[in-house]
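# Structural features, examined
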Amino acid sequence: MSGSGSSLLDDVNAPFDDHWYSDPWIPTSDEVIGLGLDAAEEASVRLGRDAAAQMSAIRQVLVDAARYPEVYVHDASAKDAVDFAVRGAVFDLATRLQMSETTVRNLGYQAEILITRLPGVWQAFRDGMVPVGTARTAAEVVTTLPDDDPTLWAAFDADVTPLATTLNPARFRDRARRIRERLHPRPVAERHADAATERRVQIEHGPDGMSWLTVYAPSHILQRVRVRIDAATDKIAAAEDETRTRDQIRADVATDILLGTATPPSTQVSVGVLVPVQTLLGGNQPATLEGVGPIPADTARELCAGAPSFFRLLTHPVSGAILTLDRTKYRPPKDLQRWVRIRDPLCTAPGCGRRSADCDIDHTLDAARDGPTNDTNLGPMCEPHHRVKHRTKWDIRWITDRRMWTSPTGPSYDVDTPPF
Ligand SMILES: [Zn+2]
(Lines give C-alpha, C1' and ligand atoms only; values in the text may rest on other atoms or scores of the structure.)
Protein backbone atom coordinates (compact mmCIF):
# COMPACT_ATOMS: atom_id res chain seq x y z
CA MET A 1 0.00 0.00 0.00
CA SER A 2 2.99 2.27 0.52
CA GLY A 3 3.32 3.25 -3.13
CA SER A 4 -0.35 4.01 -3.68
CA GLY A 5 -1.02 6.55 -0.96
CA SER A 6 -1.31 9.60 -3.18
CA SER A 7 -5.10 9.77 -3.04
CA LEU A 8 -4.96 9.59 0.73
CA LEU A 9 -2.41 12.40 0.73
CA ASP A 10 -4.68 14.47 -1.48
CA ASP A 11 -7.52 14.02 1.00
CA VAL A 12 -5.34 15.06 3.86
CA ASN A 13 -4.27 18.19 2.04
CA ALA A 14 -7.76 19.04 0.89
CA PRO A 15 -8.63 21.50 3.65
CA PHE A 16 -5.40 23.42 3.11
CA ASP A 17 -6.07 24.62 -0.39
CA ASP A 18 -5.85 28.19 -1.58
CA HIS A 19 -9.44 28.96 -0.88
CA TRP A 20 -9.11 28.08 2.79
CA TYR A 21 -6.05 30.26 3.14
CA SER A 22 -7.23 33.16 1.08
CA ASP A 23 -9.72 34.48 3.60
CA PRO A 24 -8.02 34.48 6.98
CA TRP A 25 -9.55 36.21 9.98
CA ILE A 26 -7.51 39.25 10.74
CA PRO A 27 -8.49 40.49 14.18
CA THR A 28 -8.85 44.21 14.77
CA SER A 29 -6.68 45.83 17.44
CA ASP A 30 -9.73 45.88 19.75
CA GLU A 31 -10.19 42.17 19.26
CA VAL A 32 -6.49 41.45 19.89
CA ILE A 33 -6.67 43.18 23.27
CA GLY A 34 -10.08 41.64 24.00
CA LEU A 35 -8.76 38.12 23.40
CA GLY A 36 -5.85 38.75 25.77
CA LEU A 37 -8.16 40.10 28.48
CA ASP A 38 -10.49 37.11 28.06
CA ALA A 39 -7.57 34.67 28.30
CA ALA A 40 -6.33 36.29 31.52
CA GLU A 41 -9.83 36.28 33.00
CA GLU A 42 -10.44 32.64 32.08
CA ALA A 43 -7.12 31.67 33.66
CA SER A 44 -8.14 33.50 36.88
CA VAL A 45 -11.39 31.55 36.98
CA ARG A 46 -9.44 28.29 36.63
CA LEU A 47 -6.97 29.40 39.32
CA GLY A 48 -9.82 30.18 41.73
CA ARG A 49 -11.49 26.83 41.06
CA ASP A 50 -8.22 24.95 41.45
CA ALA A 51 -7.39 26.78 44.67
CA ALA A 52 -10.81 25.84 46.07
CA ALA A 53 -10.28 22.23 44.99
CA GLN A 54 -6.85 22.20 46.65
CA MET A 55 -8.19 23.60 49.94
CA SER A 56 -11.07 21.15 49.87
CA ALA A 57 -8.71 18.23 49.26
CA ILE A 58 -6.36 19.30 52.06
CA ARG A 59 -9.27 19.50 54.46
CA GLN A 60 -10.50 16.07 53.34
CA VAL A 61 -7.06 14.47 53.93
CA LEU A 62 -6.99 15.88 57.47
CA VAL A 63 -10.56 14.72 58.17
CA ASP A 64 -9.73 11.25 56.82
CA ALA A 65 -6.47 11.05 58.79
CA ALA A 66 -8.51 11.64 61.95
CA ARG A 67 -10.99 9.00 60.86
CA TYR A 68 -8.34 6.40 59.92
CA PRO A 69 -5.43 7.12 62.26
CA GLU A 70 -3.95 3.64 61.61
CA VAL A 71 -2.57 4.94 58.32
CA TYR A 72 -0.22 7.27 60.22
CA VAL A 73 0.31 5.87 63.74
CA HIS A 74 1.47 2.49 65.11
CA ASP A 75 -1.14 2.28 67.83
CA ALA A 76 -4.46 3.61 66.56
CA SER A 77 -6.10 3.02 69.95
CA ALA A 78 -3.71 5.31 71.82
CA LYS A 79 -5.29 8.38 73.39
CA ASP A 80 -3.34 10.80 71.21
CA ALA A 81 -3.60 8.67 68.03
CA VAL A 82 -5.87 11.13 66.19
CA ASP A 83 -3.71 14.10 67.08
CA PHE A 84 -0.57 12.42 65.79
CA ALA A 85 -2.33 11.03 62.73
CA VAL A 86 -3.34 14.59 61.79
CA ARG A 87 0.21 15.83 62.42
CA GLY A 88 1.51 13.02 60.22
CA ALA A 89 -0.94 13.99 57.48
CA VAL A 90 -0.05 17.69 57.72
CA PHE A 91 3.62 16.75 57.31
CA ASP A 92 2.72 14.48 54.41
CA LEU A 93 0.81 17.27 52.61
CA ALA A 94 3.48 19.88 53.33
CA THR A 95 6.13 17.64 51.76
CA ARG A 96 4.05 16.77 48.71
CA LEU A 97 2.83 20.34 48.12
CA GLN A 98 6.07 22.17 48.97
CA MET A 99 4.25 24.20 51.61
CA SER A 100 5.01 24.95 55.23
CA GLU A 101 3.07 22.89 57.74
CA THR A 102 1.49 26.09 59.05
CA THR A 103 0.16 26.88 55.57
CA VAL A 104 -1.28 23.38 55.22
CA ARG A 105 -3.05 23.68 58.58
CA ASN A 106 -4.37 27.14 57.74
CA LEU A 107 -5.68 26.06 54.34
CA GLY A 108 -7.40 23.02 55.83
CA TYR A 109 -8.89 25.05 58.66
CA GLN A 110 -10.05 27.84 56.36
CA ALA A 111 -11.69 25.32 54.01
CA GLU A 112 -13.58 23.93 57.00
CA ILE A 113 -14.66 27.44 58.04
CA LEU A 114 -15.78 28.36 54.52
CA ILE A 115 -17.79 25.15 54.16
CA THR A 116 -19.47 25.38 57.55
CA ARG A 117 -19.90 29.14 58.02
CA LEU A 118 -19.76 30.82 54.62
CA PRO A 119 -21.52 28.59 52.09
CA GLY A 120 -22.19 31.55 49.77
CA VAL A 121 -18.54 32.59 49.55
CA TRP A 122 -17.47 28.94 49.28
CA GLN A 123 -19.80 28.28 46.34
CA ALA A 124 -18.64 31.41 44.50
CA PHE A 125 -15.02 30.46 45.23
CA ARG A 126 -15.57 26.95 43.82
CA ASP A 127 -17.15 28.53 40.75
CA GLY A 128 -13.95 30.49 40.18
CA MET A 129 -15.57 33.84 40.95
CA VAL A 130 -13.49 34.64 44.05
CA PRO A 131 -9.69 34.92 44.23
CA VAL A 132 -8.08 32.63 46.78
CA GLY A 133 -6.74 35.55 48.89
CA THR A 134 -10.25 36.98 49.21
CA ALA A 135 -11.78 33.63 50.18
CA ARG A 136 -9.12 33.15 52.85
CA THR A 137 -9.70 36.66 54.19
CA ALA A 138 -13.43 35.97 54.47
CA ALA A 139 -12.66 32.83 56.49
CA GLU A 140 -10.22 34.73 58.68
CA VAL A 141 -12.69 37.52 59.46
CA VAL A 142 -15.69 35.26 60.15
CA THR A 143 -13.68 33.34 62.78
CA THR A 144 -13.55 36.58 64.80
CA LEU A 145 -17.36 36.47 65.15
CA PRO A 146 -18.73 34.37 68.04
CA ASP A 147 -18.23 30.60 67.57
CA ASP A 148 -21.78 29.68 68.52
CA ASP A 149 -23.98 31.91 66.40
CA PRO A 150 -24.87 30.50 62.96
CA THR A 151 -27.34 33.37 62.32
CA LEU A 152 -24.46 35.84 62.49
CA TRP A 153 -22.34 33.77 60.11
CA ALA A 154 -25.27 33.63 57.69
CA ALA A 155 -25.72 37.42 57.86
CA PHE A 156 -22.00 37.93 57.29
CA ASP A 157 -22.04 35.44 54.39
CA ALA A 158 -24.97 37.23 52.73
CA ASP A 159 -23.25 40.62 53.01
CA VAL A 160 -19.75 39.62 51.90
CA THR A 161 -20.50 37.18 49.07
CA PRO A 162 -21.32 39.88 46.46
CA LEU A 163 -18.26 41.90 47.56
CA ALA A 164 -16.00 38.83 47.32
CA THR A 165 -16.80 38.52 43.62
CA THR A 166 -16.08 42.18 42.81
CA LEU A 167 -13.50 43.79 45.12
CA ASN A 168 -9.77 43.17 45.17
CA PRO A 169 -8.37 41.47 48.30
CA ALA A 170 -7.23 44.64 50.13
CA ARG A 171 -10.55 46.44 49.68
CA PHE A 172 -12.46 43.29 50.45
CA ARG A 173 -10.60 42.95 53.76
CA ASP A 174 -11.51 46.52 54.68
CA ARG A 175 -15.20 46.04 53.86
CA ALA A 176 -15.39 42.62 55.52
CA ARG A 177 -13.97 44.12 58.72
CA ARG A 178 -16.56 46.90 58.68
CA ILE A 179 -19.36 44.39 58.20
CA ARG A 180 -17.97 42.31 61.02
CA GLU A 181 -17.92 45.43 63.26
CA ARG A 182 -21.54 46.07 62.47
CA LEU A 183 -22.67 42.49 63.13
CA HIS A 184 -20.65 41.70 66.22
CA PRO A 185 -23.06 41.32 69.15
CA ARG A 186 -20.54 42.31 71.82
CA PRO A 187 -20.29 46.07 72.40
CA VAL A 188 -17.29 47.45 70.55
CA ALA A 189 -16.06 49.21 73.71
CA GLU A 190 -15.76 45.87 75.51
CA ARG A 191 -14.00 44.25 72.58
CA HIS A 192 -11.63 47.17 72.31
CA ALA A 193 -10.80 47.05 76.01
CA ASP A 194 -10.02 43.33 75.71
CA ALA A 195 -7.96 43.75 72.57
CA ALA A 196 -6.02 46.62 74.12
CA THR A 197 -4.67 44.28 76.81
CA GLU A 198 -2.83 42.50 73.98
CA ARG A 199 -0.77 45.57 73.05
CA ARG A 200 2.90 44.81 72.48
CA VAL A 201 6.03 45.48 70.45
CA GLN A 202 7.54 42.85 68.18
CA ILE A 203 10.73 42.78 66.21
CA GLU A 204 11.18 40.48 63.26
CA HIS A 205 14.53 40.03 61.57
CA GLY A 206 14.73 39.99 57.81
CA PRO A 207 17.58 39.26 55.41
CA ASP A 208 20.50 41.59 54.56
CA GLY A 209 20.86 42.97 58.05
CA MET A 210 17.37 44.52 58.17
CA SER A 211 14.49 44.08 60.62
CA TRP A 212 10.85 45.04 61.11
CA LEU A 213 9.55 46.71 64.27
CA THR A 214 5.84 46.28 64.93
CA VAL A 215 3.83 48.10 67.59
CA TYR A 216 0.36 46.74 68.34
CA ALA A 217 -1.62 49.46 70.13
CA PRO A 218 -4.99 51.28 69.95
CA SER A 219 -5.62 52.69 66.46
CA HIS A 220 -6.27 56.25 67.58
CA ILE A 221 -2.83 56.39 69.21
CA LEU A 222 -0.99 54.84 66.30
CA GLN A 223 -2.82 57.03 63.81
CA ARG A 224 -1.46 60.10 65.64
CA VAL A 225 1.99 58.51 65.48
CA ARG A 226 1.59 58.03 61.77
CA VAL A 227 0.31 61.56 61.18
CA ARG A 228 3.21 62.95 63.20
CA ILE A 229 5.76 60.92 61.22
CA ASP A 230 4.09 61.95 57.95
CA ALA A 231 4.05 65.64 58.90
CA ALA A 232 7.73 65.61 59.90
CA THR A 233 8.50 63.76 56.67
CA ASP A 234 6.68 66.40 54.60
CA LYS A 235 8.80 69.15 56.16
CA ILE A 236 12.06 67.31 55.65
CA ALA A 237 11.18 66.22 52.09
CA ALA A 238 10.48 69.84 51.14
CA ALA A 239 14.16 70.77 51.55
CA GLU A 240 15.79 71.29 48.17
CA ASP A 241 18.89 69.23 48.85
CA GLU A 242 16.92 66.26 50.22
CA THR A 243 17.68 63.09 48.25
CA ARG A 244 15.99 60.41 50.37
CA THR A 245 12.63 58.92 49.33
CA ARG A 246 9.64 59.57 51.56
CA ASP A 247 9.71 55.98 52.79
CA GLN A 248 13.35 56.35 53.76
CA ILE A 249 12.67 59.66 55.54
CA ARG A 250 9.71 58.13 57.42
CA ALA A 251 11.87 55.27 58.65
CA ASP A 252 14.62 57.71 59.74
CA VAL A 253 12.13 60.00 61.51
CA ALA A 254 10.56 57.06 63.37
CA THR A 255 13.85 55.58 64.55
CA ASP A 256 15.20 59.02 65.50
CA ILE A 257 12.16 59.69 67.69
CA LEU A 258 12.39 56.27 69.37
CA LEU A 259 16.11 56.57 70.03
CA GLY A 260 15.87 60.20 71.06
CA THR A 261 18.77 60.93 68.68
CA ALA A 262 17.11 63.76 66.81
CA THR A 263 14.09 65.95 67.32
CA PRO A 264 11.80 65.91 64.33
CA PRO A 265 10.62 69.32 63.14
CA SER A 266 7.71 70.42 65.29
CA THR A 267 4.44 70.16 63.43
CA GLN A 268 0.83 70.87 64.11
CA VAL A 269 -0.97 67.63 63.44
CA SER A 270 -4.51 66.54 63.88
CA VAL A 271 -6.43 63.40 63.03
CA GLY A 272 -9.99 63.56 61.73
CA VAL A 273 -12.76 61.72 63.55
CA LEU A 274 -16.11 61.31 61.87
CA VAL A 275 -18.75 61.02 64.58
CA PRO A 276 -22.47 60.36 64.19
CA VAL A 277 -24.33 63.04 66.16
CA GLN A 278 -26.18 60.35 68.10
CA THR A 279 -22.83 58.93 69.25
CA LEU A 280 -21.70 62.27 70.57
CA LEU A 281 -24.91 62.38 72.60
CA GLY A 282 -24.21 58.99 74.12
CA GLY A 283 -25.27 56.54 71.37
CA ASN A 284 -23.29 53.48 70.43
CA GLN A 285 -22.83 53.84 66.67
CA PRO A 286 -19.09 53.51 66.01
CA ALA A 287 -17.21 56.57 64.79
CA THR A 288 -14.68 56.57 61.95
CA LEU A 289 -11.06 57.55 62.44
CA GLU A 290 -9.35 59.16 59.46
CA GLY A 291 -7.16 56.62 57.68
CA VAL A 292 -8.15 53.80 60.05
CA GLY A 293 -11.85 52.92 60.01
CA PRO A 294 -14.35 52.26 62.80
CA ILE A 295 -13.42 53.04 66.41
CA PRO A 296 -15.54 52.57 69.55
CA ALA A 297 -18.08 55.29 70.39
CA ASP A 298 -16.50 55.81 73.83
CA THR A 299 -13.07 56.42 72.38
CA ALA A 300 -14.55 58.84 69.87
CA ARG A 301 -16.33 60.79 72.62
CA GLU A 302 -13.08 61.02 74.61
CA LEU A 303 -11.19 62.24 71.57
CA CYS A 304 -13.83 64.83 70.79
CA ALA A 305 -14.06 66.03 74.37
CA GLY A 306 -10.61 67.50 74.63
CA ALA A 307 -7.69 66.20 72.66
CA PRO A 308 -6.55 69.13 70.52
CA SER A 309 -4.87 66.81 68.03
CA PHE A 310 -8.22 65.49 66.82
CA PHE A 311 -10.45 67.22 64.36
CA ARG A 312 -14.14 66.47 64.59
CA LEU A 313 -16.58 66.05 61.75
CA LEU A 314 -20.18 65.28 62.53
CA THR A 315 -22.16 63.07 60.22
CA HIS A 316 -25.46 64.86 60.21
CA PRO A 317 -27.50 66.47 57.46
CA VAL A 318 -26.50 69.82 58.96
CA SER A 319 -22.84 69.18 58.21
CA GLY A 320 -23.77 68.77 54.55
CA ALA A 321 -24.29 72.53 54.44
CA ILE A 322 -20.60 73.10 55.17
CA LEU A 323 -19.62 70.69 52.48
CA THR A 324 -21.21 72.15 49.41
CA LEU A 325 -19.16 75.15 48.55
CA ASP A 326 -18.86 77.93 46.09
CA ARG A 327 -18.25 76.34 42.71
CA THR A 328 -16.15 79.25 41.54
CA LYS A 329 -13.36 78.20 43.88
CA TYR A 330 -11.09 75.71 42.16
CA ARG A 331 -9.05 74.56 45.15
CA PRO A 332 -11.19 72.69 47.64
CA PRO A 333 -10.94 74.27 51.07
CA LYS A 334 -9.08 72.38 53.77
CA ASP A 335 -12.14 71.10 55.66
CA LEU A 336 -13.70 69.80 52.48
CA GLN A 337 -10.46 68.04 51.49
CA ARG A 338 -10.39 66.59 54.95
CA TRP A 339 -13.91 65.23 54.70
CA VAL A 340 -13.30 63.76 51.24
CA ARG A 341 -10.17 61.96 52.48
CA ILE A 342 -12.04 60.51 55.44
CA ARG A 343 -14.96 59.40 53.31
CA ASP A 344 -12.65 57.78 50.76
CA PRO A 345 -9.67 56.45 52.70
CA LEU A 346 -8.04 55.15 49.50
CA CYS A 347 -7.48 56.39 45.97
CA THR A 348 -10.82 56.21 44.17
CA ALA A 349 -9.49 54.19 41.23
CA PRO A 350 -11.03 50.70 41.45
CA GLY A 351 -8.66 48.39 43.27
CA CYS A 352 -6.03 51.02 44.08
CA GLY A 353 -4.62 50.73 47.60
CA ARG A 354 -2.86 54.09 47.91
CA ARG A 355 -3.92 56.00 51.02
CA SER A 356 -5.93 59.15 50.42
CA ALA A 357 -3.36 61.02 52.55
CA ASP A 358 -0.89 60.39 49.71
CA CYS A 359 -3.37 61.43 46.99
CA ASP A 360 -4.45 64.67 45.39
CA ILE A 361 -8.08 65.67 45.65
CA ASP A 362 -9.39 65.34 42.12
CA HIS A 363 -12.41 66.92 40.44
CA THR A 364 -14.24 63.97 38.83
CA LEU A 365 -15.73 66.38 36.30
CA ASP A 366 -12.93 68.89 35.71
CA ALA A 367 -13.38 72.33 37.15
CA ALA A 368 -12.59 73.66 33.69
CA ARG A 369 -15.72 71.88 32.44
CA ASP A 370 -17.87 73.37 35.21
CA GLY A 371 -17.33 70.52 37.67
CA PRO A 372 -18.37 71.85 41.08
CA THR A 373 -16.02 71.98 44.07
CA ASN A 374 -18.21 69.98 46.41
CA ASP A 375 -18.02 66.58 48.02
CA THR A 376 -20.04 64.85 45.33
CA ASN A 377 -17.57 65.85 42.63
CA LEU A 378 -14.37 65.37 44.59
CA GLY A 379 -12.37 62.26 45.37
CA PRO A 380 -8.80 61.37 46.28
CA MET A 381 -6.74 60.15 43.35
CA CYS A 382 -3.11 59.05 43.41
CA GLU A 383 -0.68 60.53 40.92
CA PRO A 384 -0.38 57.41 38.73
CA HIS A 385 -4.17 57.11 38.39
CA HIS A 386 -4.48 60.83 37.83
CA ARG A 387 -2.23 60.33 34.82
CA VAL A 388 -4.28 57.34 33.66
CA LYS A 389 -7.40 59.51 33.88
CA HIS A 390 -5.91 62.31 31.79
CA ARG A 391 -3.75 60.41 29.32
CA THR A 392 -5.89 57.38 28.46
CA LYS A 393 -9.42 56.71 27.25
CA TRP A 394 -10.54 55.53 30.69
CA ASP A 395 -13.70 57.48 31.48
CA ILE A 396 -14.73 58.49 35.00
CA ARG A 397 -18.10 59.93 35.83
CA TRP A 398 -20.78 59.99 38.48
CA ILE A 399 -23.84 57.89 37.76
CA THR A 400 -26.46 58.65 40.38
CA ASP A 401 -24.40 58.42 43.57
CA ARG A 402 -21.67 56.07 42.29
CA ARG A 403 -18.43 56.93 40.58
CA MET A 404 -18.04 54.75 37.50
CA TRP A 405 -14.74 53.99 35.81
CA THR A 406 -15.33 52.75 32.26
CA SER A 407 -12.58 50.90 30.45
CA PRO A 408 -11.75 51.74 26.83
CA THR A 409 -12.51 48.03 26.16
CA GLY A 410 -16.06 48.29 27.51
CA PRO A 411 -16.58 47.16 31.09
CA SER A 412 -17.48 49.62 33.85
CA TYR A 413 -16.49 49.40 37.49
CA ASP A 414 -18.09 51.32 40.28
CA VAL A 415 -16.03 52.62 43.14
CA ASP A 416 -17.00 51.26 46.51
CA THR A 417 -17.42 54.28 48.73
CA PRO A 418 -17.32 52.97 52.29
CA PRO A 419 -20.72 53.30 53.93
CA PHE A 420 -20.84 55.19 57.20
ZN1 LIG B 1 -4.64 55.11 42.61
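Throughout what follows, the structure given in this document is the object of discussion. (Residues numbered from 1 in each chain as written. Predicted model: local features only at pLDDT ≥ 70, side-chain atom pairs only at ≥ 80, totals over all residues. Heavy atoms only, no water.)

In the first shell of the zinc ion, the protein supplies Cys347 (SG), Cys352 (SG), Cys382 (SG) and His385 (ND1), at 2.0 to 2.3 Å from the metal. Metal-centred angles of 95 to 119° between the four donor atoms at the zinc ion mark the site as tetrahedral. Motif for the zinc ion, donor spacing along one chain: C-x4-C-x29-C-x2-H. Of the two residues, Cys347 sits in the loop between helix H16 (334–343) and strand E7 (360–363) while Cys382 sits in the loop between strand E8 (378–381) and helix H17 (383–391), which places them 35 residues apart along the sequence. Taken as a pair, Cys347 and Cys382 share a single burial class, namely buried. (Donors = N, O, S within 2.8 Å, 3.2 Å for Na, K, Ca; no water. Tetrahedral: all angles 85-135°; square planar, octahedral: opposite > 155°, others 65-115°. Helix = DSSP H or I, 4+ residues; strand = E, 2+ residues; numbered from the N terminus. Buried < 20%, exposed > 50% of the residue type's maximum accessible area, 1.4 Å probe, protein only.)

Our focus in this paragraph is the packing of aromatic side chains. On inspection of all chains with the given rule, the structure shows three aromatic pairs. Ring pairing ties together the aromatic residues Trp394, Trp405 and Tyr413, which thus form one cluster. Over the ring of Phe84 we find Arg87, and its NZ or CZ is 4.5 Å from the ring centre. (Phe/Tyr/Trp six-rings, centres within 6.5 Å; stacked < 30°, edge-to-face > 60°. Lys NZ or Arg CZ within 6 Å of the ring centre and 35° of its normal.)

Once that is clear, we can look at helix H6 (residues 119–126). Within H6, the full set of buried residues consists of Val121, Trp122, Ala124 and Phe125. Taken around the axis of H6, the buried residues stretch over an arc of 165°, which confines them to a single face. (Arc of directions from axis to C-beta.)

With that out of the way, let us pick up the sheet that holds strand E9 (residues 395–399). The pairing of strands in a sheet happens through backbone hydrogen bonds and is either parallel or antiparallel. Taken together, the three strands give an open sheet; going across it, the order is E9-E10-E11, and neighbouring strands pair in antiparallel fashion. Strand pairing shows two members of the sheet lacking a second neighbour, E9 and strand E11 (412–414), which therefore form its edges. Strand-to-strand twist in this sheet, taken as the mean axis angle between neighbours without regard to direction, amounts to 30°. (Pairing = 2+ DSSP bridges. Axes fitted to C-alpha atoms, helices over the stretch in contact; angles between N-to-C directions.)

This next bit is on the side chain of Arg191. In this fold, Arg191 is placed in helix H10 (residues 188–196). A relative accessible area of 11% places Arg191 in the buried class. Among the polar contacts made by the side chain of Arg191, one reaches the side chain of His184 at a distance of 3.4 Å. (Polar contact = N/O pair within 3.5 Å; in protein donor to acceptor, adjacent residues only side chain to side chain.)

Attention now moves to the environment of His385. Relative to the helices and strands, His385 is located in helix H17. With residues near it in sequence (within four places) discarded, His385 still touches Cys347, Ala349, Cys352, Arg354 and Trp405. (Contact = heavy atoms within 4.5 Å.)

Any two side chains of opposite charge can pair if their charged atoms end up close together. Per the stated rule, a full pass over the model turns up 24 salt bridges. A salt bridge links Arg250 to Asp247; the nearest nitrogen and oxygen atoms lie 3.1 Å apart. Taken together, the residues Arg250 and Asp247, both in helix H12 (residues 246–259) and three residues apart, mark about one turn of the helix. On the basis of relative accessible area, Arg250 is assigned to the buried category, the value being 19%. (Salt bridge = Lys/Arg side-chain N within 4 Å of Asp/Glu carboxyl O.)

The next subject is the nonpolar core. With 39 residues, the main nonpolar core has Leu114, Phe125, Phe156 and Phe172 as its most contacted residues. Breaking this core down by element, the ones donating at least two residues are helix H3 (29–67), helix H4 (81–97), helix H5 (101–117), H6, helix H7 (132–142), helix H8 (150–164) and helix H9 (169–183). Excluding its chain neighbours within four sequence positions, the residues that come into contact with Phe125 are Gly48, Arg49, Ala51, Ala52, Met55, Leu114, Val130, Pro131, Val132 and Ala135. Among the nonpolar cores identified, the runner-up in size contains nine residues, and Cys352, Cys359, Met381 and Cys382 belong to it. (Core = buried A, V, L, I, M, F, W, Y, C linked by side-chain atoms within 4.5 Å.)

The analysis is restricted to geometry; functional conclusions fall outside its scope.
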